[in-house]
Amino acid sequence: MLARCHNIEDLRRQAARRLPTPIFDFLDGGAEDEATLRNNRMAFDREKLVPSCLRDVETVDTATTIFGQASALPLICAPTGASRLFHPAGEIAVARAAARAGVPYALSTGSTRSIEEVAAASDGAKIFQLYVYKDHGVNRELIERARAAGYGALCITVDVAVVGKRERDLRHGLSIPMRFTPAAVARFACSPRWLWGVRGGLGLGANLKTIGGAAGRGRGASTSWQLDPSLDWDGLADLAALWNGPFVVKGIMAADDARHALDAGATGIIISNHGGRQLDGAAAPIEVLPAIAQAVAGRADIVLDGGVRRGTHILKAIALGAKGVAIGRPYLYGLAAGGEAGVDRALAILHKELAVAMQLAGCPDLGAIDERLILRASPA
Ligand SMILES: Cc1cc2nc3c(=O)[nH]c(=O)nc-3n(C[C@H](O)[C@H](O)[C@H](O)COP(=O)(O)O)c2cc1C
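Model, not experiment: these values are computed from the prediction. (Residues numbered from 1 in each chain as written. Predicted model: local features only at pLDDT ≥ 70, side-chain atom pairs only at ≥ 80, totals over all residues. Heavy atoms only, no water.)

**Re the overall build of the protein chain**
- Counting its secondary structure elements, the protein chain contains 15 helices and 12 strands.
- The C-alpha atoms of the protein chain give a radius of gyration of 20 Å, which matches the 21 Å a tight globule of 380 residues would have.
- Overall, the C-alpha framework of the protein chain stretches about 65 × 50 × 40 Å when taken along its three principal axes.
- Relative to its 380 residues, the protein chain shows a buried fraction of 56%.
- Residue pairs at least 24 apart in sequence account for 72% of intrachain contacts in the protein chain once pairs closer than 6 positions are excluded.
- For the protein chain, the accessible surface area stands at approximately 15800 Å², while carbon and sulfur atoms represent 54% of it.
- Seen as two clouds, the 43 positive and the 39 negative side-chain charges of the protein chain have centres 7 Å apart. (Helix = DSSP H or I, 4+ residues; strand = E, 2+ residues; numbered from the N terminus. Rg over C-alpha atoms; globule rule 2.2 N^0.38 Å. Buried < 20%, exposed > 50% of the residue type's maximum accessible area, 1.4 Å probe, protein only. Contact = heavy atoms within 4.5 Å. Areas by Shrake-Rupley, 256 points an atom, 1.4 Å probe, with all protein chains shown as cover. Lys, Arg positive; Asp, Glu negative; His and termini not counted. Charge placed at Lys NZ, Arg CZ, Asp CG, Glu CD.)

Okay, structure coming up:
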């Protein structure tokens, strides 16, 4: 079946067939009218490429470094929580497939396999994504565990002061933190294969259940979803100092915020609207990229996520000033469609599409990609 998936949309359709509708909608959906979710993708399509020819593109080199870690592609797997909802192998499958493809994997705080389990399963480049909790002891403990387990960068997500209004989830009786109403559970009865897959449990809160050690057990659970909406730039600077290594801020959309992030100690920025799951009506990352690239002026790696579904989207992001992209749903569609092999497939599709796009655009390596590739209206 995977062999018949030739693009990310094919994997999406396959995921839709395999998952119970409430779970597929949790993966696929966005906030409110989903205007931002749709625009993330459409904004890529509005940018037009101007290819160059006769540039010797017999071979293409897609290798780079992102956030201090080597990557075979200008791409990382974005942090996504609750992956065991989509396949029992969850984050372990994603980490292994990412390592095989030579791309970094960002593990979410909300993962369903722990920081340590994922580190033990994969020796690939890893980033730990932290949601900042009100309880600073929880933050400190998670950061120390990520350091001890060998994660090479810390990523702080800053666009979830509160959780966005995701209406597909509300209709299905799903809420964040992940809870199911009886009506939602009844829908799962129609998906016996999925139910069989999760018989060992969903692993929700895998990183939080041991917070505080044996004596503090329960503390993690009680604070687990008390995110800190009062976090400010000083708080971010404290976290950067605590980590004292490659420090990435995810969820930046404004050029001024990119400057603040650099002042607070960021060495990397992920331009993101959380894949359209938070503020509906927010601009697409690719639309704000040129202004942020200008503000950052090469002082930090810029990665962009939201709506990347094609190799040409990666090309456009780099042409407009990004070091690379992150993908969320594309690898999760693969995971749902076929477990670890499905993630392999998603990454292979994007790798191949990027290589072909570079050849057709006249770019033998990533350094050859710049803004001249993008059509701009000629001055009147
Ligand atoms: C199911 C799902 C779970 C997510 N969980 C997280 C998370 O735990 N932490 C985080 O920073 N972003 C999370 N995100 C957002 C992704 O990191 C990323 O910003 C987004 O998926 C990019 O858009 P794309 O799906 O169009 O590639 C999640 C996205 C999805 C689809």
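**A short note on the packing of helix α3 (residues 35–46) against helix α13 (residues 285–296)**
- For the pair α3 and α13, interaxial distance at closest approach is 8 Å and the crossing angle is 65°. Along its contact with α3, which presents Asn39, Asn40, Ala43, Phe44 and Arg46, the element α13 presents Pro285, Ile286 and Glu287. (Axes fitted to C-alpha atoms, helices over the stretch in contact; angles between N-to-C directions.)

**What to know about the pairing of strand β10 (residues 268–271)**
- Side chains of β10 alternate between two faces, with Gly268 and Ile270 and Ile269 and Ile271 buried alike.
- Bridge count between strand β9 (residues 247–252) and β10: four bridges; the pairing is parallel. Residue Ile252 lies in a different strand from β10, and its bridge partner there is Ile271.
- Each parallel crossover has a hand, and the one from β9 via helix α12 (residues 255–263) to β10 is right-handed.
- Note: β10 against strand β11 (residues 301–305), four bridges, orientation parallel. The residue of β11 that forms the bridge with Ile270 is Val303.
- Note that the unit made of β10, α13 and β11 has a crossover that is right-handed. (Pairing = 2+ DSSP bridges. Right-handed = clockwise from strand over helix to strand, strands pointing away.)

**Overview of the site of the ligand**
- Every one of the 24 residues lining the ligand counts as a neighbour, but Pro79, Ser108, Tyr131, Thr157 and Asp305 are closest to it.
- Side-chain polar atom of Gln129 to a nitrogen atom of the ligand: 3.1 Å apart, as the coordinates give it.
- The side chain of Lys250 places a nitrogen or oxygen atom 3.0 Å from an oxygen atom of the ligand.
- Considering the ligand on its own, with 610 Å² of exposed area, one finds that the protein chains cover 97% of that surface.
- Its residues assigned to classes, the shell around the ligand comprises eight nonpolar, 11 polar and five charged. (Near = heavy atom within 4 Å. Polar contact = N/O pair within 3.5 Å; in protein donor to acceptor, adjacent residues only side chain to side chain. Nonpolar A, V, L, I, M, F, W, Y, C, P; charged D, E, K, R; others polar.)

**Things to note about the side chain of Ser71**
- Inspection of the secondary structure assignment puts Ser71 in strand β2 (residues 69–71).
- A distance of 3.4 Å separates the side chain of Ser71 from the backbone oxygen of Leu75, its partner in a polar contact.
- Aside from chain neighbours lying at most four places away, what touches Ser71 is Thr62, Ala63, Thr64, Thr65, Ile66, Gly102, Val103 and Pro104.

**Things to note about helix α11 (residues 233–243)**
- When α11 is considered as a whole, its buried residues turn out to be Gly235, Leu236, Leu239, Ala240 and Trp243. The buried residues of α11 occupy one face: seen down the axis, they fall within an arc of 145°. Among the exposed residues of α11, those oriented more than 90 degrees off its buried face are Asp234, Asp238 and Ala241.
- Trailing α11 by a residue or two, Asn244 shows a phi angle of about 55°, which is positive. (Arc of directions from axis to C-beta.)

**Considerations on the pattern of salt bridges**
- Applying the stated criterion across every chain, the model contains 21 salt bridges.
- The salt bridge involving Arg12 is made with Glu9; its shortest N-O contact spans 3.1 Å. Here Arg12 and its partner Glu9 are both found in helix α1 (residues 8–18), three residues apart, which amounts to about one turn of the helix.
- One salt bridge connects Asp10 with Arg13, and the closest N-O pair in it is separated by 2.8 Å. (Salt bridge = Lys/Arg side-chain N within 4 Å of Asp/Glu carboxyl O.)

**Overview of the nonpolar core**
- Of all hydrophobic cores here, the largest spans 108 residues; its most connected members are Phe86 and Phe247.
- At 15 residues, helix α15 (residues 329–361) tops the list of elements feeding residues into this core.
- Those residues in contact with Phe247 that lie beyond four places of it in its chain are Leu154, Ile156, Leu236, Leu239, Ala240, Gly265, Ala266, Thr267 and Gly268.
- Listed in part, the 12 residues of the second largest apolar core include Ile66, Ala78, Ala153 and Cys155. (Core = buried A, V, L, I, M, F, W, Y, C linked by side-chain atoms within 4.5 Å.)

**Some thoughts on the packing of aromatic side chains**
- Overall, the coordinates contain six aromatic pairs when judged by the stated rule.
- Here the aromatic rings of Tyr105 and Tyr331 are separated by 6.4 Å at their centres, their planes lie at 90°, and the arrangement is edge-to-face. Linking Tyr105 in strand β4 (residues 105–107) with Tyr331 in helix α15, this pair joins segments that are 226 residues apart in sequence. In this pair, the class of Tyr105 matches that of Tyr331, namely buried.
- Pairing Phe188 with Trp194 gives two aromatic rings, centres 4.6 Å apart and planes at 45°, and the pair type is tilted.
- Here Trp194 falls in the buried class, since its relative accessible area comes to 9%.
- Each residue in the set Phe180, Phe188 and Trp194 is aromatic and connected to the rest through ring pairs, giving one cluster.
- Its guanidinium or amino end placed over the ring of Trp196, Arg199 lies 3.9 Å from that ring's centre, counting from NZ or CZ.
- Here the basic side chain of Arg277 rests over the ring of Phe26, its NZ or CZ set 5.1 Å away from the ring centre. (Phe/Tyr/Trp six-rings, centres within 6.5 Å; stacked < 30°, edge-to-face > 60°. Lys NZ or Arg CZ within 6 Å of the ring centre and 35° of its normal.)

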